[in-house]
Amino acid sequence: MFSRVFLILIGAAYIYYQVNILLKVYIAELEVENNITMETQTILSLLNMSVEVTGSSVMISEIELVSECFLIGDTTSCNCSVGYSWSNEVCYNSSCCTQTTCTQNMSHIEPLCVAKVQVSINGSVTLMQGSWDADKTTELESAFRSRLNGYESLQVNVSSAETADFKAVVCIKLKTTVLDQLLTDLMHNLSAEVRVDTVGMVDITAPEDSVCYKSSPTLECRLEEEAHSTGWKLIRGKHEHFELTGGSMVTLKDCGSDWKYSSCIAVTLTEVTSLGSGTYECRFTFGSVTHTAKAELKVSLLPEKITMKIDPPVADCSVSGKNDVTVTATIQNSTESYNVSWQFPGTELSRGSEPESGKFCTGEGIWPKTPNGGTVINQCENGKTGYKSRFCNNEAEWQMEFSSCISEELKKVLTAAEDFEKGIGATQEVAMGIFEALKNTTTSNSSNDPAGISASIRIFEIMATGSESITLKEEVFDDFLTAASNLLANNWTGVNSSIEYDMSSQYLYGVENLVKNIQVNNTLNIYNPNLDLNVSNGDRKISVFNVTVKLNETGGQFKIVGVRNLMDKLNNSFKPTSTVPHDLILIVTKNGSSSTEITMDFPIKKLNDTQRRHCVFWDTNKTDWSDTGCSVERDSNHTLCKCNHLTSFAVLMSKSDTPNLDLDTITYVGLAVSICTLVILLIIEALVWSVVVKTDLSYFRHTALVNIAVFLLLADCSFLASMSPENLSAHWCLILTICKHLFYLAMFSWMLCMSVMLIHRLIFVFSPLRKRVFMFLSSIVGYGCPVLIVGFSYVFCRYNKKDYYNKDTCWLVFDGPLEGSLFAFLLPVGTVIFTNLFSMAVVIFTLLKSSAPDGSKSDEKETFKSIIKVVVFLTPVFGVTWGIGFLLQIFNEDHEAYPFLLYSFTILNSFQGFFVMLTGVFAEPKDKGKYDTMKNSTSASNTKER
């Protein structure tokens, strides 16, 4: 009867082995079939304890029986061993969830049984109608028992007539889709809202020991299923819960998946401080189901705040017996152990010193008698945090008191803003709370308190930086603008001018960037005494504080805010000659550009003849006003300000155009010089043409040079005509873009012709290029290829409904790496530059080879001079300087090398026409000899080889 017995063993073998110093654990399954009666332990004892895995020998450390199945006739029975439960595949495919012995034929299912793990399902049920009773408890328990694999228990706690909390325990990592469907059915049957979170479904890894102060630890969470949404939370104590988002300290990322886990999320803390110490909770959400896991992170802290108290603040050594000073240092409450040492900078501590004599500042209230050159520091009074300091100068005169004392309420707001910027608790709700508290603080506290004003401005700065990573919605505008308006309700008395300039500039930065970063869905208008915000979709005419602002383009969203009572606080080099209204207009465009023309209409009464009007914008680089790109028009009752920015030459190769007065000036001057010198070069070529083209080599060279000069001249004229895109119609902007694209490509094509001609002359000495062949091939490359490239790129953009040109710059479009019409310019230009660099290298190699037989010092010196001349004369006509433009593609605008590259490119290439003329005119007498020398040396070399 037992001759047809099949014994199936699915072994969970925990295999440990060392590879590249890393310990890896594998779990393997082994299925054994046997048709004879044999004890299980006998089979297990026959297994070897060493196996081969991917070419490495590994040791089996543990093996155990997981399940057994018996097949006797047509009857099948399977059981899981103690500590194991049916897998989800067996449970839901064979309907054996609640059975100890399964009689279905499922020996083919893998895995058959899995190790038990405890998973807790915590949830709540809120009834939409009726009240909770015993029947609903029974229905809830029946649903969990019959439909969840590995069900063990359910506890229900009725907290009110409509609400019940429950905790279910299962012994297996269940399928989320099954649990979510169960909850959906319960919500329908009970007419209730049901939400649950689980513990035990997610595996979390975190540093086991305390991490070092200012280190960068990483925590990871993994789940075996795909998640709909994920997130992290930091929990401090019992009541402080902070949502984690991207910030200066917090970095969230997806850490990928592997063979076992389909979802993985990680959080990295950069230079972690005490803010990062606490319990971290990760979550994976599927509809109404949330899977969570927690781990504690401990940070070995250094004292982040040391409070020192000196009593008395200054020792009066002129009075005998009153020279004892007590210094107390206090750190925050901590369980860490510290080694403490004392040091007095620059002076050794000694005993028995004689009293010193000198100048002193006399005591005034809390400021004691102090020797000249000394600074006294006092703690804040009236429950404020911070300190006060006062300096006694060398003339023994007290200087103005400096105070950083702010209220406890404002300190809490500042701390919350700092956490927000780091990515801890950076949510819309937290931001609204910060601005609401700041509004209340600026209203209740003295608005003339310099320390309070400085701290409030600092909060604006911090929140502006944080809003670059966290999306803030328009609901924060009310409290934010009210608080910002409150800060300008006075003249900031008690603040010296230098500090006031810094504070006002910081205020401007914070307000402007917050207005720019806060999202607004439609239109919005918020008025405050000192700030007036107007957000419009597509309107070209908007008013703030009776100042009308017009824009020369429609479409997109425009945010305009008027600011009062700030103009006189900002550094103003125009102040001696101007009477400007105390309204500052900030223009922030969401979809606009820096080249958009802005017209501001100020209703100003007639000024005196001695008074002048200036239209200026705030230059953040110079922290002063600038009138670059702005002009003023006036009549008896109005002042019209028009501001726009020109386009610098570097826009041809850069990703975007950044308005810059210096670059614009260089571009104007360079293009003017290039155009004039190219005209001169063409006139000279026309006059001496018959004299200089008596040989084929000179004919080829001058033909290419004339074409280079002609197309460079046309390209420069086209660029000069498009320097102010805001003044051009879309039709003319397109025409000038096509012209620049075509003419610059034609210039580079003829540079390639000259380069190839030179290489052919050097390599094929005894096979000279015929004039007819040269003109035929050069015409195809110099005329045909540019036309084909421009035409194809334009048609391709139109066919794919992409922009061929940018109206803001009248140039090609950059949409990302290898995206956008700009690469129809960059790729051909890059090919030509690379080829020409190769040609220059061949010329230099030829010169070195011709001087090798002699090897005298004089010859080496002459060779070196020849190489320098080759580089100098060939660089302009080979377009090598344009290679700098490709570095502009590589470096970001905030890289320290970017400005140098930007200026180098603009200077060298806007003056390229001047350099081409120098090459064409002054290099001519020596070129013939140079080419003949290279020709003769190559001929001699070839003859010698023969």
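What you see is a predicted model; the values in this text were computed from it and never measured.

**Student:** Would you explain the overall build of the protein in this entry?
**Tutor:** Broken down by element type, the protein carries 19 helices and 43 strands. Each of the 946 residues in the protein was classed as buried or not, and the buried ones make up 43%. Taking contacts inside the protein between residues at least 6 apart in sequence as the whole, the part at least 24 apart equals 66%. In the structure as shown, the protein presents an accessible area of about 49,500 Å², 54% of it carried by carbon and sulfur atoms.

**Student:** Quick question: what am I supposed to make of the sheet that holds strand 22 (residues 289-297) here?
**Tutor:** Read across the open sheet, the 8 strands follow the order 11-12-10-13-22-21-17-18; overall the sheet is mixed. The two strands at the open ends of the sheet, each matched to only one other strand, are strand 11 (151-158) and strand 18 (240-244). Taking the axes of each pair of neighbouring strands and ignoring which way they run, one obtains an average angle of 25 degrees across the sheet. With respect to the sheet, helix 3 (residues 134-147) is in contact with strand 10 (119-127), strand 11 and strand 12 (163-170), its orientation differing from that of strand 11 by roughly 155 degrees. Running at roughly 155 degrees to strand 13 (residues 192-199), helix 4 (residues 176-190) makes contact with strand 10, strand 13, strand 21 (278-286) and strand 22 of the sheet.

**Student:** What is the right way to look at the side chain of Thr385 in this model?
**Tutor:** Within the secondary structure, Thr385 is located in the loop between strand 28 (375-379) and strand 29 (387-391). Owing to a relative accessible area of 19%, Thr385 belongs among the buried residues under this scheme. In this structure, Thr385 is in contact with Cys380, Ser404, Cys405, Ile406, Ser407, Glu408 and Lys411, ignoring residues within four places of it in sequence.

**Student:** For this particular structure, what's the right way to read the packing of aromatic side chains?
**Tutor:** In this description, a pair of aromatic rings is defined by centroid distance and the angle of the planes. In this structure the tally under the stated criterion is 22 aromatic pairs. Measuring from centroid to centroid gives 6.1 Å for Phe460 and Tyr507, while their planes differ by 85 degrees, and the two rings are edge-to-face. One end of the pair, Phe460, is in helix 7 (residues 450-466); the other, Tyr507, is in helix 9 (residues 497-517), and 47 residues separate them in sequence. Each member of the pair Phe460 and Tyr507 is classed as buried. In textbook terms, an aromatic cluster arises when at least three aromatic residues are bridged by ring pairs, as seen for Tyr744, Phe748, Trp811, Phe825, Trp882 and Phe905.

**Student:** Looking at this structure, I do not really get the packing of helix 12 (residues 730-763) against helix 13 (residues 771-799). What am I missing?
**Tutor:** Packing of helix 12 against helix 13 leaves a shortest axis separation of 9 Å and a crossing angle of 150 degrees. By the angle between their axes, helix 12 is roughly antiparallel relative to helix 13. Pair helix 12 / helix 13 crosses with right-handed handedness. Each of Leu734, Ile738, His741, Leu742, Leu745, Ala746, Ser749, Trp750, Leu752, Cys753 and Met757 in helix 12 lies in contact with helix 13, whose residues at this interface are Phe774, Ser778, Val781, Gly782, Tyr783, Pro786, Val787, Ile789, Val790, Ser793 and Tyr794. Of the residues contributing to the contact of helix 12 with helix 13, the split by class is 17 nonpolar, 5 polar and no charged.

**Student:** Got a minute to help me understand the pattern of salt bridges in this structure?
**Tutor:** Opposite charge on two side chains permits them to pair, given that their charged atoms come into close proximity. Scanning the model with the defined rule gives 12 salt bridges in all. The closest approach of N and O atoms between Lys136 and Asp133, which form a salt bridge, is 3.8 Å. Ionic pairing is found between Lys439 and Asp479, a salt bridge with its closest N-O pair at 3.0 Å. Placement of Lys439 in helix 6 (residues 428-444) and of Asp479 in helix 8 (residues 477-487) is noted, with a sequence separation of 40 residues between them.

**Student:** Help me understand the confidence of the model for the protein in this model?
**Tutor:** For residues with low pLDDT, the predicted coordinates do not support detailed interpretation. Per-residue confidence for the protein gives a mean pLDDT of 79; residues scoring 70 or more make up 78%. Low pLDDT, under 50, characterises residues 1-23; the predicted model gives this stretch 87 contacts beyond four residues in sequence or across chains. pLDDT under 50 marks residues 925-946. Its contacts with residues more than four places away, or in other chains, come to 22 contacts.

**Student:** How should I be thinking about the nonpolar core in this particular structure?
**Tutor:** The tendency in soluble globular proteins is for nonpolar side chains to be buried as a group. Ranked by size, the top nonpolar core spans 65 residues in total, and within it Tyr744, Met747, Phe748, Met754, Phe825, Phe878 and Trp882 carry the most contacts. Here the element with the most residues in this core is helix 12; it accounts for 14 residues.

**Student:** Sorry if this is basic, but what is going on with the state of the cysteines here?
**Tutor:** Between two cysteines, a covalent bond joining their sulfur atoms is known as a disulfide. One pass over the structure, following the stated rule, counts 9 disulfides. Two residues, Cys80 and Cys113, share a disulfide whose sulfurs are 2.0 Å apart. Where Cys80 bonds to Cys113 through sulfur, the torsion about that S-S bond is close to -80 degrees, and the disulfide is left-handed. Of this pair, Cys80 sits in strand 6 (residues 75-80) while Cys113 sits in strand 9 (residues 113-115), placing them 33 residues apart in sequence. By relative accessible area, Cys113 is classed as buried at 4%.

**Student:** Would you take a moment to explain helix 8 for this structure?
**Tutor:** Residues spaced three or four apart along an α-helix face the same direction, because each turn holds 3.6 residues. The buried fraction of helix 8 amounts to 8 of the 11 residues, a majority that puts the element mostly inside the structure. Taken residue by residue, helix 8 has Phe477, Asp479, Phe480, Leu481, Ala483, Ala484, Ser485 and Leu487 as its buried positions.

**Student:** Would you take a moment to explain the pairing of strand 12 for this structure?
**Tutor:** The two faces of the sheet receive side chains in turn, since in a regular strand these alternate between them. A large share of strand 12 lies buried, amounting to 6 of its 8 residues. In the sheet, strand 10 pairs with strand 12 via 8 bridges, with the strands oriented antiparallel. When the sheet's bridge partners are listed, Ile121 is paired in strand 12 with Ala168. Strand direction decides the pairing type here: strand 11 and strand 12, joined by 7 bridges, are antiparallel. In the sheet register, Tyr151 faces strand 12, and the bridge partner there is Val170. Turn length for the strand 11-strand 12 hairpin, with the two strands adjacent in sequence and antiparallel, is 4 residues.

**Student:** Quick question: what am I supposed to make of unusual backbone geometry here?
**Tutor:** Most of the time, phi is negative for any residue but glycine, and the peptide bond is trans. A positive phi angle is found at Phe545, which is not glycine, with a value near 50 degrees. Phi angles above zero are rare outside glycine, and Asn546 is one such case at about 65 degrees. Locating Asn546 in the fold gives a position in the loop between strand 33 (541-544) and strand 34 (547-551). Using a relative accessible area of 63% as the deciding quantity, one classes Asn546 as exposed.

**Student:** I would appreciate a short explanation of the pairing of strand 35 (residues 557-564) in the present structure.
**Tutor:** Burial analysis of strand 35 places 7 of its 8 residues in the buried class, the great majority of the element. Across 7 bridges, strand 32 (residues 531-537) lies against strand 35 in antiparallel orientation. Among the inter-strand pairings, Leu531 is bridged to a residue of strand 35, identified as Val563.

**Student:** I keep staring at the packing of helix 16 (residues 883-890) against helix 17 (residues 898-910) and nothing clicks. Help me out?
**Tutor:** When two helices pack together, you describe them by how their axes are tilted relative to each other and by the distance separating the axes. Viewed as axis vectors pointing N to C, helix 16 and helix 17 meet at an angle of 150 degrees, and their least axial separation amounts to 9 Å. For the element pair helix 16 / helix 17, the angle class is roughly antiparallel. Handedness of the helix 16/helix 17 crossing: left-handed. Within the contact between the two elements, helix 16 uses Ile884, Gly885, Leu887 and Leu888 and helix 17 uses Tyr898, Leu901, Leu902, Ser904, Phe905 and Leu908. For the contact of helix 16 with helix 17, the per-class residue count stands at 8 nonpolar, 2 polar and no charged.

**Student:** What should I look at first to understand the sheet that holds strand 29 in this one?
**Tutor:** Across the sheet, which stays open at both edges, the 3 strands sit in the order 28-29-30 with antiparallel pairing between neighbours. Pairing within the sheet leaves two strands with one partner each, and these edge strands are strand 28 and strand 30 (402-403). Sheet topology places strand 28 next to strand 29; 5 bridges connect them, and they run antiparallel. Residue pairing for strand 29: Asn378 is matched across the bridge by Lys388.

**Student:** Hey, could you run me through the environment of Leu297 in this one?
**Tutor:** Among the secondary structure elements, Leu297 is positioned in strand 22. Residues Leu297 and Gly276, spaced 21 residues apart in sequence, show a C-alpha to C-alpha distance of 7.7 Å.

Quick notes on the rules
Residues numbered from 1 in each chain as written. Predicted model: local features only at pLDDT ≥ 70, side-chain atom pairs only at ≥ 80, totals over all residues. Heavy atoms only, no water. Helix = DSSP H or I, 4+ residues; strand = E, 2+ residues; numbered from the N terminus. Buried < 20%, exposed > 50% of the residue type's maximum accessible area, 1.4 Å probe, protein only. Contact = heavy atoms within 4.5 Å. Areas by Shrake-Rupley, 256 points an atom, 1.4 Å probe, with all protein chains shown as cover. Pairing = 2+ DSSP bridges. Axes fitted to C-alpha atoms, helices over the stretch in contact; angles between N-to-C directions. Phe/Tyr/Trp six-rings, centres within 6.5 Å; stacked < 30°, edge-to-face > 60°. Parallel < 35°, antiparallel > 145°, perpendicular 65-115°, else oblique. Left-handed = near helix turned anticlockwise from the far one by under 90°. Nonpolar A, V, L, I, M, F, W, Y, C, P; charged D, E, K, R; others polar. Salt bridge = Lys/Arg side-chain N within 4 Å of Asp/Glu carboxyl O. pLDDT = per-residue confidence, 0-100. Core = buried A, V, L, I, M, F, W, Y, C linked by side-chain atoms within 4.5 Å. Disulfide = S-S within 2.5 Å.

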